[in-house]
Amino acid sequence: MPRTLIRKNPSNFKTLPLFVEATPEGLTYQSIGMPLNFAQTLQRRRPVAVADPERFSLELANLGVSVRLTLHWQNREYWVLVRQRRQDRGDVVLKLISGYVPAHELNLPLLTAINEIAEECLLETPEGWLGGRFNDTWLPAPYSSALHYREALPFRLAPLSGSARPVRCANLQLIERPRAYVHLPTASLQLIYDLRLDVPKEAKSLSLFHVDERLEGDQLVARLDRKRPDLYLMPLENGKPIGELYTLKRDRLVAASTRGLHLAESFASQEGWVVRDERIRWKDWLVKQGLEVHTPRRQGLTNLHKKAMGLMRMVRGTLHK
């Protein structure tokens with residue numbers, strides 16, 4: 001049964017609409033108007049259009065942030081994806097760890113990104129849940145009232161190389177150089193940070209879980225469901241993804257089905273500064289990346305097949321004697 005970790009009042013969340021100016025050389029955003037709560041923000045997330053995807057000025061509903069998180073574990077690298085039922089769009093997708101940027105962090109969206117990792121990406125060992133550090137800063141432990149966090153073995157977050165084109169909040173350039181795009185269907189500006197998560201070697205029997213807040217009545221509720229870990233790993237080879245998905249349970253990679261799977265719009269094609277699609281089919285994304293569809297082998301079935309073939313050879317040998 002899912003375990004409730006925390007409840008929040010959604011009216012406490014405030015963000016600000018944006019004015020965005022984009023040119024081929026860079027993109028600048030700044031806040032406008034009065035702070036909006038979650039419901040007011042959703043009302044503003046309606047489709048917009050631009051004539052030139054490289055050069056435009058536009059008012060947008062909000063700033064969102066995502067993390068393309070590369071997990072380094074047992075000498076392998078994986079992209080981290082999470083499953084989300086998007087209530088405002090009526091679909092289910094795999095997406096990057098992401099969230100809305102609150103009003104007081106518009107000029108420091110990296111802080112929102114780090115907090116989203118702490119809230120959405122949970123690492124469990126038999127001795128407790130792992131905390132994390134970004135450089136010399138400890139990540140928050142958002143569920144400390146419900147879960148036991150280990151103090152001795154933090155995972156480490158570090159920035160990876162950023163986008164080539166600069167992004168500014170007013171006159172302040174974001175030094176981590178996140179990738180930016182305007183999502184036309186939701187009238188939102190999205191920033192994607194490239195970060196790396198190193199799991200300590202001493203962390204044994206590791207399991208990964210995704211926890212996301214859902215609006216239930218007048219509360220935002222975060223629950224942990226062990227039967228639906230909802231956090232997926234996409235293996236990388238030489239820094240590039242391959243067409244496989246896994247969950248991680250007690251140091252064991254478990255193959256996940258990709259049948260009928262869709263990825264969120266951050267995986268769709270970007271034209272200039274804009275993304276026009278709501279989502280992209282898994283198979284279409286693989287084709288776009290020049291990847292083949294991989295069917296992960298299920299170790300148990302492979303061993304059973306070998307045993308069956310061996311038994312058939314024994315029977316044939318007996319019949320021919």
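Conventions and cut-offs
Residue indices follow the written sequence of each chain, beginning from 1 at its first position. For a predicted model such as this one, the threshold for reporting local features is a pLDDT of at least 70, and the threshold for listing and counting side-chain atom pairs is 80 or more; totals across whole chains, interfaces and linings nevertheless cover every residue. With hydrogens and water set aside, each side-chain value is computed from the structure's full complement of heavy atoms. Strand pairing is defined by DSSP finding a minimum of two bridges between the two strands. Only DSSP runs of H or I reaching four residues or more are called helices, and only runs of E reaching two or more are called strands; each is numbered from the N terminus. Lines fitted to C-alpha atoms define the axes here, with helix axes fitted over just the stretch in contact, and angles between the N-to-C directions of these axes take values from 0 to 180 degrees. Accessible area is worked out with a 1.4 Å probe on protein chains only. A residue is then buried under 20% of its type maximum, exposed over 50%, and partly exposed in between. For this analysis, residues touch if any pair of their heavy atoms sits within 4.5 Å. What a helix should span is 1.5 Å times the count of its residues minus one.

*Asks:* When you look at the sheet that holds strand E19 (residues 219–224) in this model, what are you seeing that I'm missing?
*Replies:* The strands making up a sheet associate through backbone hydrogen bonding, with each pair oriented either parallel or antiparallel. Read across the open sheet, the three strands follow the order E1-E19-E18; overall the sheet is antiparallel. The sheet is open, and its two borders are formed by strand E1 (3–8) and strand E18 (213–216), each paired with just one other strand. Ignoring which end each strand starts from, the neighbouring axes of this sheet average 35° apart. Pairing of E1 with E19, which is carried by five bridges, proceeds in the antiparallel orientation. In the sheet register, Lys8 faces E19, and the bridge partner there is Leu220.

*Asks:* Got a minute to help me understand the side chain of Thr70 in this structure?
*Replies:* By the element assignment, Thr70 lies in strand E5 (residues 62–73). Taking the relative accessible area as the measure of exposure, Thr70 reaches 6% and is therefore buried. Here Thr70 is in contact with Glu77, Tyr78, Trp79, Leu160, Leu195, Arg196, Leu197 and Leu236, once residues within four sequence places are set aside.

*Asks:* Even after reading the chapter, I still don't get the pairing of strand E17 (residues 207–210), so can you show me in this structure?
*Replies:* Regular strands show a simple pattern: their side chains alternate between the two faces of the sheet. Burial along E17 is two-sided: Ser207 and Phe209 and Leu208 and His210, pointing in opposite directions, are all buried. Where strand E9 (residues 121–125) lies against E17, four bridges are found, and the strand directions are antiparallel. Each bridged residue has a counterpart across the sheet, and for Leu123 the counterpart in E17 is Leu208.

*Asks:* I'm lost on helix H2 (residues 109–120) in this one. Help?
*Replies:* Since the α-helix turns once every 3.6 residues, residues separated by three or four places project in the same direction. In this model H2 runs 16 Å from its N-terminal to its C-terminal C-alpha over 12 residues, within 8% of the 16 Å that 1.5 Å per residue would give. Extensive coverage of H2 is indicated by the burial of 10 of its 12 residues. Buried within H2 we find Pro109, Leu110, Thr112, Ala113, Ile114, Asn115, Glu116, Ile117, Ala118 and Glu120.

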